[in-house]
Amino acid sequence: MPLQVLDHPLASHLLASLRDERTPPQEFRQLARRLTTLLVLQATYGIRTRIDRVTTPLCETEARVLDQGLAVVPVLRAGLGMLEPIVDLFPDVAVGYIGLERHEETAVARSYYSKVPQSVEGRFTLCVDPMLATGGSAAQAISLIKAHGASQITMVSIVSAPEGVEKLQQAHPDVAIVTAALDEKLNDRHYIVPGLGDFGDRLYGTP
Ligand code: URA
């Protein structure tokens, strides 16, 4: 599936402030929510719709309405920073959670928590993790989501590394990726460069 890099002036503007090391956590959280709104509009373009009829104060007319439920699975903890705008946009969304810890040196991800609703089957499903770095966590999270029956999955991230995109596309060629930036590389500590640092730390002000 193709990689889509969001190409919108407002998305670039919000991302620039997210990258800025001087941005404090309160502003960082707000920027992350606003940018996620733009990403999710792009990511849900393919959700199924049907034609209904509505009556305006003037006459009856055709109207296109959603015909498919949405599910979202944030990868803990940084993915939580992307959840709120999705619930605002799609109030009927089914929410699951996957907790993955990556080993400081090897960057290998280990699942310590997984709660994915059975109703993901048939739903348009978003896996959200703001930093698609090595791709190991994303690939593992998507395997867990697929094990619950989801078949139409999109990975939504804020910043991606080429290494992570390649790994995810190899592991799950059927999964679309929507991101706000494709950065240069990973450094030897598996951080995205230029990136924005540790997203979870910046979101919650962890020193
Ligand atoms: N996770 C982060 O928070 N930042 C990175 O650069 C890579 C993974």
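Residues numbered from 1 in each chain as written. Predicted model: local features only at pLDDT ≥ 70, side-chain atom pairs only at ≥ 80, totals over all residues. Heavy atoms only, no water.

Note the cut-off: UniProt positions are given in the numbering used here, feature names are shortened, and annotations may be inferred rather than shown by experiment.
Looking up the protein chain in an unreviewed UniProt entry gives the name Uracil phosphoribosyltransferase, with the organism given as Fimbriimonas ginsengisoli Gsoil 348. Of the protein chain, the UniProt comment under Sequence similarities (unreviewed entry) reads exactly: "Belongs to the UPRTase family."

## Here's the deal with the packing of helix α4 (residues 136-147) against helix α5 (residues 162-171)
Note the threshold: All axes here are fitted lines through C-alpha atoms, helices being fitted over the stretch that makes contact, and every angle between N-to-C directions spans 0 to 180 degrees. Comment: elements are numbered from the N terminus, with helices defined as DSSP H or I runs of at least four residues and strands as E runs of at least two. Just so you know how the angles are binned, under 35 degrees is roughly parallel, over 145 roughly antiparallel, 65 to 115 roughly perpendicular, and the rest oblique. Definitions for this section: a left-handed crossing has its near helix turned counterclockwise from the far helix by less than a right angle. A right-handed crossing has that turn clockwise. The contact criterion used is simple: two residues touch if any of their non-hydrogen atoms lie within 4.5 Å. The nonpolar class holds Ala, Val, Leu, Ile, Met, Phe, Trp, Tyr, Cys and Pro. Asp, Glu, Lys and Arg form the charged class, and all remaining residues, Gly among them, are polar.
With their axes 8 Å apart at the nearest point, α4 and α5 run at an angle of 25 degrees to one another. Classified by the angle their axes make, α4 and α5 are roughly parallel. For the element pair α4 and α5, the recorded crossing hand is right-handed. Two secondary-structure elements touch here, α4 through Gly136, Ala138, Ala139 and Ile142 and α5 through Lys167, Leu168 and Ala171. A breakdown of the residues in the contact of α4 with α5 according to their chemical character gives 5 nonpolar, 1 polar and 1 charged.

## Regarding the packing of helix α1 (residues 9-19) against helix α2 (residues 25-43)
At a closest axis distance of 9 Å, the pairing of α1 and α2 adopts a crossing angle of 155 degrees. Looking at the two axes, α1 sits roughly antiparallel to α2. Read as a crossing pair, α1 and α2 show a hand that is left-handed. Contacts between α1 and α2 involve Leu10, Ala11, Leu14, Leu15, Ser17 and Leu18 from the first element and Phe28, Leu31, Ala32, Arg34, Leu35 and Leu38 from the second. Each residue belonging to the contact of α1 with α2 can be placed in one class, and the counts come to 10 nonpolar, 1 polar and 1 charged.

## Details of α5
In plain terms, the rule: Burial classification: accessible surface area is computed with a 1.4 Å probe over protein chains only, and a residue below 20% of its type maximum counts as buried, one above 50% as exposed, and the rest as partly exposed. Directions from the helix axis toward the C-beta atoms define the arc.
Three or more residues of α5 are buried, namely Gly164, Val165 and Leu168. The arc that holds every buried residue of α5, seen down its axis, measures 100 degrees, which confines them to one face. Turning to α5, the residues buried within the fold contact β1 (3-5), β9 (131-132), α4, β10 (152-160) and β11 (176-182).

## Let's talk about the environment of Arg123
Within the secondary structure layout, Arg123 lies in the loop between β7 (109-115) and β8 (124-128). For the pair Arg123 and Ala71, spaced 52 residues apart in sequence, the C-alpha separation works out to 6.0 Å. When near neighbours in sequence (up to four residues on either side) are disregarded, Arg123 contacts Gln68, Gly69, Leu70, Ala71, Asp92, Val93, Ala94 and Gln152.

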